[in-house]
Amino acid sequence: MTRLTRGMIVILVMAAIWLSPVPTGLSAQAWQLFAIFAATIIGFILQPLPLGAVALIGVMFAALSNTVSMSEALSGFSNSTIWLIVSAFLFAKGFIKTGLGRRIAYQLIRCFGSSALKLGYTLVISDFIISPATPSNTARCGGIMYPIVRSLASAFGSEPEKHPRKIGAYILSTTFQVDAPIAAMFLTACAPNLLITAFAQDTANLSISWGTWALAGIVPGLLSMLIIPYFIYKFYPPEIKDTREAQQVAGAELDKMGAMSRGEWIISGVFVGALLLWSTSQYTHIHATVVALLGVCVMLISGVLEWDEILQEKGAWDGMIWMGGIVGLAGMLNKVGFIPWFAASASGLMDGVSWVPTLAVLFLIYMYSHYVFASLSAHVTAMYAVFLAVAIGAGAPAFLAAFGFAALSNLMAGLTHYATGAAPIYFGAGYIKQKDWWRIGFFASVINVVLWIGVGSLWWNILGLW
């Protein structure tokens, strides 16, 4: 399919929606904005132009057609998560430039590098250990784990332009996909979780403590940590499986590197400092993005990074353009009333149906409607309380419904390359093709839904929570 053909399909999709009758209960503005958003998503899938160009065209047309104002169309670029994403790219650059990333990667290879699968599990366990103290999956998965994973891929000679499937694509995909269920395991592992407890209290008069959340999440979460890396290993296998020879190479390389350099010590300090500030944000009230930008500024002042190097970081600025564009459009969809209308329409279809099929359908709609979201927080804000109210109104047990939607609010992060803040960081590395990302994301989501809603609901029943 030629670029022109793909472009024409995108235009036809937008025209078909734009010119069709406006659904009852929805404004013309909301329907037109949905047409632009849907065309942008189709453009992301077909890619008649690079992602940044597609997003920029969507933003431009939204303003040109007077569907939204120019400031509203550009609102996504002021989103703090976007700047956290940019900072994560720059953290990774500091890790790679100073060699600290290589040093950490070689240490991991030497200790646990006898096979690609063991490396995958090692990275997952590392993410799990720091998750209770990092209330931002973007900061944890993108800011902390990504530089290590990216350096680990380079240490094996697996680069996006050369040998991406050697091992880099596998460990990046594994680390990102398993971060979603890890975020669902602890109240403090992802920012929307705190919002969810407030909605559960207001909507269902249900109080979910940190301990209750952790106890409910531990069994399905550990199963996800066990199964997802192995699934990806089989479904999207690395080219190298036995990496014992690399352990010897890693030891030799560590000997060559010798003692840590000044730059490595500075990056280590920035890394540890950021981790401490991220993990204590509930006490310091310092925003995760402020912490990340502080780290970048320290790297600049110390000379670890030069401004020209930051300007040359293509992935950071490309991610900022396309992610900022889609976040802005998605945010405006909620503001003009499309998302609330969609939530109410979806829930209204289940009137008069018993709670079991009602809850099952609501779970699926809630989960897979995230294809039109670029933020977990936005999704939770728009739909959680509405869907929980409908489920409880149909007779569903309060905890089962509330915690089921809470788990899905995290699990949906793996669906697309724009589903959450860390997604464009990993996708922007260039190792995983978009079609592979969506395939892996969908099948991983099915596994997670079975584990969390299927096995999880049985576990919650055993605990006496419903």
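Not measured: the values here are computed from a predicted model.

A.B. asks: How would you explain the overall build of the protein chain if you had to name every residue and give the values?
C.D. replies: Of regular secondary structure, the protein chain possesses 23 helices and 0 strands. A compact globule built from 466 residues should have a C-alpha radius of gyration of about 23 Å, and the protein chain, at 22 Å, falls within 12% of that. Each principal axis of the C-alpha distribution contributes one length, and for the protein chain these read about 70 × 55 × 45 Å. Considering only intrachain contacts with a sequence separation of at least 6, the fraction spanning at least 24 residues in the protein chain is 79%. Accessible surface computed for the protein chain: about 18,200 Å², of which carbon and sulfur atoms make up 68%.

A.B. asks: Run through helix H3 (residues 51-64), naming residues and quoting values.
C.D. replies: A rise of 1.5 Å per residue sets the reference length of H3, with its 14 residues, at 20 Å; its end C-alpha atoms lie 20 Å apart and thus fit the reference within 8%. Within the sequence span of H3, burial applies to Leu51, Gly52, Val54, Ala55, Gly58, Val59, Ala62 and Ala63. Seen along its axis, H3 keeps its buried residues to an arc of 170°; they face one direction. In this structure, the buried side of H3 is in contact with helix H2 (28-46), helix H4 (70-73), helix H17 (314-335), helix H22 (423-428) and helix H23 (434-462). A positive backbone phi angle near 60° is found at Asn66, which sits one or two residues after H3.

A.B. asks: Talk me through the nonpolar core; I want residue IDs and the actual numbers.
C.D. replies: Soluble globular proteins: nonpolar side chains tend toward being buried together. Among the nonpolar cores identified, the biggest contains 164 residues, and Trp278, Tyr384 and Phe405 are the most heavily contacted of them. Leaving out residues up to four positions away in the same chain, Phe405 has contacts with Leu359, Leu362, Phe363, Tyr366, Tyr384, Phe387, Leu388 and Ala391.

A.B. asks: Now, about the side chain of Ser268: what can you tell me, with residues and values included?
C.D. replies: Here Ser268 is to be found in helix H13 (residues 262-279). The buried category is assigned to Ser268, whose relative accessible area is 17%. For Ser268, the contacting residues outside a window of four places in its chain are Leu100 and Met260.

A.B. asks: An account of the side chain of Gln177 is requested, with residue identities and associated values reported.
C.D. replies: Assignment of secondary structure puts Gln177 in helix H9 (residues 168-185). Given the relative accessible area of 4%, Gln177 is considered buried. Those residues in contact with Gln177, other than ones at most four positions away along the chain, are Ile228, Ile232, Gly414, Ile440, Gly441 and Ala444.

A.B. asks: Pulling in residues and values, what's your account of the pattern of salt bridges?
C.D. replies: Oppositely charged side chains may form a pair once their charged atoms are brought near each other. Applying the stated criterion to the full structure yields 10 salt bridges. Of the charged contacts in the structure, one is a salt bridge between Arg103 and Glu264, with a shortest N-O distance of 2.7 Å. Pair noted here: Arg103 is in helix H6 (residues 100-112) and Glu264 is in helix H13, with a separation of 161 residues, a long-range link. Of the two residues, Arg103 and Glu264, neither departs from the other in class, the shared state being buried. Here Asp436 makes a salt bridge to Arg439, at a shortest N to O gap of 2.8 Å. Note that Asp436 and Arg439 are positioned in helix H23 at a spacing of 3 residues, about one turn of the helix. Among the ionic contacts, a cluster of salt bridges with common partners joins Asp127, Arg140 and Asp179.

A.B. asks: Give me the packing of H9 against helix H21 (residues 398-411): which residues, what numbers.
C.D. replies: Running from N to C, H9 and H21 point in directions that differ by 145°, and their axes come no closer than 7 Å. Crossing of H9 against H21: the hand is right-handed. In this structure, H9 uses Ala180, Pro181, Ala183 and Ala184 to contact H21, whose residues at the interface are Phe403, Ala407, Asn410 and Leu411. Taken together, the residues that form the contact of H9 with H21 break down as 7 nonpolar, 1 polar and no charged.

A.B. asks: Would you mind going over the state of the cysteines in detail, with residue names and values included?
C.D. replies: One pass over the structure, following the stated rule, counts 0 disulfides. Cys141 carries a free sulfur, and the closest cysteine sulfur to it, the one in Cys190, is 10 Å from it. On the basis of relative accessible area, Cys141 is assigned to the buried category, the value being 0%.

A.B. asks: How would you sum up the packing of helix H10 (residues 191-204) against H21? Please name residues and give values.
C.D. replies: The interhelical angle for the contact between H10 and H21, taken along N-to-C directions, is 155°, at an axis separation of 11 Å. Classed by the angle they form, the pair H10 and H21 counts as roughly antiparallel. Crossing of H10 over H21 shows right-handed handedness. In this structure, H10 uses Asn193, Ile196, Ala200 and Ala204 to contact H21, whose residues at the interface are Ala398, Ala402, Ala406, Ser409 and Asn410. Residues of the contact of H10 with H21, tallied by class, amount to 6 nonpolar, 3 polar and no charged.

A.B. asks: Tell me about a nonpolar patch on the surface, and name the residues and values.
C.D. replies: Taken together, the side chains of Leu49, Ile57, Met60 and Leu64 make up a nonpolar region of the molecular surface, amounting to roughly 350 Å² of accessible area. Relative to the helices and strands, Leu49 resides in the loop between H2 and H3. On the accessibility criterion, Leu49 (31% relative accessible area) is partly exposed.

A.B. asks: So what's going on with the environment of Val449? Which residues, and what values?
C.D. replies: Tracing the backbone shows Val449 in helix H23. The buried category is assigned to Val449, whose relative accessible area is 18%. With 82 residues separating them in the primary sequence, Val449 and Met367 have C-alpha atoms 8.9 Å apart. When residues no more than four places from it in sequence are discounted, the contact partners of Val449 are Met367, Tyr368, Leu408 and Gly454.

Definitions and limits used
Residues numbered from 1 in each chain as written. Predicted model: local features only at pLDDT ≥ 70, side-chain atom pairs only at ≥ 80, totals over all residues. Heavy atoms only, no water. Helix = DSSP H or I, 4+ residues; strand = E, 2+ residues; numbered from the N terminus. Rg over C-alpha atoms; globule rule 2.2 N^0.38 Å. Contact = heavy atoms within 4.5 Å. Areas by Shrake-Rupley, 256 points an atom, 1.4 Å probe, with all protein chains shown as cover. Expected span 1.5 Å × (residues − 1). Buried < 20%, exposed > 50% of the residue type's maximum accessible area, 1.4 Å probe, protein only. Arc of directions from axis to C-beta. Core = buried A, V, L, I, M, F, W, Y, C linked by side-chain atoms within 4.5 Å. Salt bridge = Lys/Arg side-chain N within 4 Å of Asp/Glu carboxyl O. Axes fitted to C-alpha atoms, helices over the stretch in contact; angles between N-to-C directions. Left-handed = near helix turned anticlockwise from the far one by under 90°. Nonpolar A, V, L, I, M, F, W, Y, C, P; charged D, E, K, R; others polar. Disulfide = S-S within 2.5 Å. Parallel < 35°, antiparallel > 145°, perpendicular 65-115°, else oblique. Patch = residues over 30% accessible without salt bridge, like charges linked within 9 Å, V, L, I, M, F, W, Y side chains within 5 Å.

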